[in-house]
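Given next are the chains, with one letter for each unit.
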Amino acid sequence: MSERESSAGKFDAVIVGAGFAGMYMLHKLRGCGLSVTVLEAGSDVGGTWYWNRYPGARCDVPSIEYSYSFSKELQQDWNWTEVMAAQPEILKYANHVADRFDLRRDIRFETRVTSAHYDEENKRWNIETENGDRLNARFCIMATGCLSVPNTPKIEGADNFKGPVYHTGRWPHEGVDFSDVTVGIIGTGSSGIQAIPVIAEQAKHLTVFQRTPNYTMPAHNRPLSKEFIEKAKAEYDEIRETERQSQAGIIGFGFGFGGADLRMPEGSILETTEDEREKLLDEKGFAAVRQFADIAIDMNANELACEMYRKQVSRIVKDPAVAEGLMPRGYPIGCKRPVIDTDYYETFNRDNVTLVDLRRGGIKQITETGIQTEQGHFEFDALVYATGFDAMTGALLRIDVRGRGGVPLKDHWEAGPRTYLGLQMHGFPNLFSITGPGSPSVLSNMIVSIEQHVDWITDCITHMNEHQFREIEATEEAETRWIEHVNKVANGTMLTAPSCNSWYLGANIPGKPRIFMPYVGGVGNYRHKCDEVAANGYEGFSLTA
Ligand code: NA7
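Within any chain, residue numbers begin from 1 and follow the written order of that chain's sequence. Where totals are concerned, whole chains, interfaces and linings use all residues; where local detail is concerned, this predicted model gives features only for residues with pLDDT of at least 70, and gives and counts side-chain atom pairs only at 80 or more. Heavy atoms throughout the structure, all of them, feed into the side-chain values; hydrogens and water do not.

1. So, the site of the ligand
Point 1. Think of it this way: one heavy atom of a residue within 4 Å of a molecule or strand is enough to make that residue near it. Residues in close proximity to the ligand total 17 residues, the closest being T188, S190, S191, R211 and T212.
Point 2. What qualifies as a polar contact is a pair of N or O atoms within 3.5 Å, subject to a donor-acceptor requirement within protein and to the restriction that residues adjacent in sequence count only when both atoms come from side chains. Within the backbone of G189, a nitrogen or oxygen atom sits 3.4 Å from an oxygen atom of the ligand.
Point 3. One of the side-chain nitrogen or oxygen atoms of R337 is found 2.9 Å away from an oxygen atom of the ligand.
Point 4. Residues are sorted three ways: Asp, Glu, Lys and Arg are charged, Ala, Val, Leu, Ile, Met, Phe, Trp, Tyr, Cys and Pro are nonpolar, and all the rest, Gly among them, are polar. By residue class, the composition of the shell around the ligand is six nonpolar, eight polar and three charged.

2. Structural notes on the domain arrangement of the protein chain
Point 1. Partitioning the protein chain into structural domains gives domain 1 (3-45 + 103-149 + 390-544) and domain 2 (158-385).
Point 2. Note that domain bounds follow an automatic or database assignment of domains. Here the C-alpha centroids of domain 1 and domain 2 sit 31 Å apart.
Point 3. Buried area is understood as the total, over both parts, of accessible area removed when two parts are fitted together, assessed with a 1.4 Å probe. Carbon and sulfur atoms supply 52% of the area buried between domain 1 and domain 2, which totals about 1700 Å² over both sides.
Point 4. What counts as a salt bridge is simple: a side-chain nitrogen of Lys or Arg found within 4 Å of a carboxyl oxygen of Asp or Glu. On the surface where domain 1 and domain 2 come into contact, there are zero salt bridges.
Point 5. Counting every contact that joins domain 1 to domain 2 gives ten residue pairs in polar contact (both at pLDDT 80 or more).
Point 6. Helix numbers and strand numbers start at the N terminus; a helix is a DSSP run of H or I with at least 4 residues, a strand a run of E with at least 2. No other element matches helix α17 (residues 523-535), which puts four residues into the side of domain 1 that touches domain 2.
Point 7. Each residue belonging to the side of domain 1 that touches domain 2 can be placed in one class, and the counts come to eleven nonpolar, eleven polar and one charged.

3. Looking at unusual backbone geometry
Point 1. Even without being a glycine, L421 presents a positive backbone phi close to 65°.
Point 2. Position of L421 among the secondary structure elements: in the loop between α14 (409-412) and β18 (431-433).
Point 3. Residue burial is assigned from relative accessible area. The probe radius is 1.4 Å, only protein chains are included, and a residue is buried under 20% of its type maximum, exposed over 50%, and partly exposed in between. Judged by relative accessible area, which is 0%, L421 ranks as buried.
Point 4. Positive phi values are uncommon outside glycine, yet Q468 reaches one of about 55°.
Point 5. Its location among the elements puts Q468 in the loop between α15 (446-466) and β19 (471-474).
Point 6. With relative accessibility at 61%, the residue Q468 sits in the exposed group.

4. Concerning the sheet that holds strand β12 (residues 353-357)
Pairing between sheet strands relies on hydrogen bonds along the backbone, with the strands arranged either parallel or antiparallel.
Point 1. Here we have five strands laid out as an open sheet, ordered β7-β16-β8-β9-β12, and parallel in their pairing. Both edges of this open sheet fall to β7 (165-167) and β12, since each of them pairs with a single strand only. Strand after strand, the sheet turns through a mean of 20° between neighbouring axes, direction not considered.
Point 2. Where strand β9 (residues 205-210) and β12 come together, five bridges link them in parallel fashion. Residue T207 lies in a different strand from β12, and its bridge partner there is T354. When DSSP finds at least two bridges between two strands, those strands are taken to pair. To define axes, lines are fitted to C-alpha atoms, for helices over the stretch in contact only, and angles between the resulting N-to-C directions are given on a 0 to 180 degree scale.

5. Some words on the state of the cysteines
Think of a disulfide as a covalent bridge from one cysteine sulfur atom to another cysteine sulfur atom.
Point 1. We call a pair of cysteine sulfur atoms a disulfide whenever their separation is within 2.5 Å. Applying the stated criterion to the full structure yields one disulfide.
Point 2. Put simply, C335 and C500 are joined by a disulfide, and their sulfur atoms are 2.0 Å apart. Taking the sign of the S-S torsion, about 85° here, the bridge from C335 to C500 comes out right-handed. Of the two residues, C335 sits in the loop between α11 (320-326) and β11 (339-341) while C500 sits in the loop between α16 (476-490) and α17, which places them 165 residues apart along the sequence.
Point 3. With a relative accessible area of 0%, C335 lands in the buried category.
Point 4. There is no disulfide at C32, and the cysteine sulfur nearest it, in C460, is 12 Å away.

6. A closer look at the packing of α15 against α17
Point 1. It is at 11 Å that the axes of α15 and α17 come closest, and there the two elements cross at 0°. In this view, α15 runs roughly parallel relative to α17, as classed from their interaxial angle. Judged by residue contacts, V448, S449, Q452, H453 and W456 of α15 engage V523, Y526, R527, C530, D531, V533 and A534 from α17.
Point 2. Classifying every residue of the contact of α15 with α17 by side-chain character gives seven nonpolar, three polar and two charged. Oblique is the label for any angle not covered by the other classes, which are roughly parallel (under 35 degrees), roughly antiparallel (over 145) and roughly perpendicular (65 to 115). The criterion used for residue contact is that any of the two residues' heavy atoms lie within 4.5 Å.

Structure, rendered in structure tokens:
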């Protein structure tokens, strides 16, 4: 392609998003000599870590493992400081990668994509942005992230609130000073549970509005020693290979050096006595709760673990009424994305923290000065929404994506997301999604899954170029079979328990189809399946010249 064509907006590939997926995709395709541009809504790289700057934001995967493996030099040069890195350090890493591989020259920032339409005649995608840019590309690659569209629930009176309003997923870059400020926070998912202890330390008073108490485990985060870093660097090849073949793309390399115990659970809780469980709690605290394997497959075993969990909460939280308010009930432990925290329960022993357990009376409306609940009115100066995201499908559905015959993606996904391997959709040729629904994605270490998808897509495009194929499209049959498989392996597990309202199921967004979106089969098995598909001449895809 000539430079003139490229400057007129014609590319081999357009990538949407400059988070960890988009950055690596750009690096790989550029390395193949393709003309590529990345369109990014933010003003810089980093995706999730660019937007989620709330106090306490931290990764829940050990830093040694939550990092790129594609460059050995990068891996050896970069030094993580903590077992689980905080947001500023991860963003610094993303910036380092962008500088090191000179990525920014092919990224257009502050450019939000509004539509992507497939032109069947020319077998190319027409992409438009909010700024009025028009681009044309053979491949359109969606690196739009799984947790990138914040969910702000529609609560009556929300516009009446007079003070400042924040969402954890869109935190101001300059930070927020809560000293001498009274704060109300809605939401006790991962973001709320990370932010609450940090805000409580600064604010004059913090009122926590909790609809569903969560199960959360102490992170035991700590600085990494020089010896640990050296050991990890010496063993990196083995660490990466083991991650790639594992269930979740995490091997818990931090264990023994600080960091949460990520070893696989084993044994049966049903075979323990009450005294034994009590003793285990004395010895290990919350870690005792997740050590048994049967809690993932047997509801009675799971309920015993939940009882242990609640007992541990009551050991930490001094006021029995507050402890009771924080105890999760009525849904199994492990059906939502695990939350890890630093001093979450201890925070509720502070004099400047109030828990409003909305199970005892919900939110009626937001007022000028606070929140009116069925239990009374609570006043504060600033309001924080820690209310999560329209996960996995939200970002793609906000773009007007139209495939063959002008069919909108939202019609194709009306009853829930349909993909083949989470990589492609029938009717949408030459469009790929990275870590899309139907792939291990959010059930795994995202960077391991991102690298696998990017490598697979790059090999696929290279194969097409070598064999002069112009179009690749998942067949309807392959897509149907894959979705049936994705549902089959998830059904009957704790993850799809009817009592569980997780964002994996889309249950946090009113009206969203209740479908388990990621693939439970495991990172290693999934990788083999994708490799097998490629080795068999891209089985399940139709390739046309
Ligand atoms: P989550 O995990 O979806 O948590 C959102 C929280 O907000 C959760 O406690 C919700 O309660 C609460 N929420 C949502 N809407 C309302 C309304 N209308 N009223 C009261 N409370 C509400 O999002 P996070 O950002 O914390 O974490 C997302 C992922 O990011 C996490 O899993 C990690 O992978 C990183 P609910 O449970 O729905 O009753």
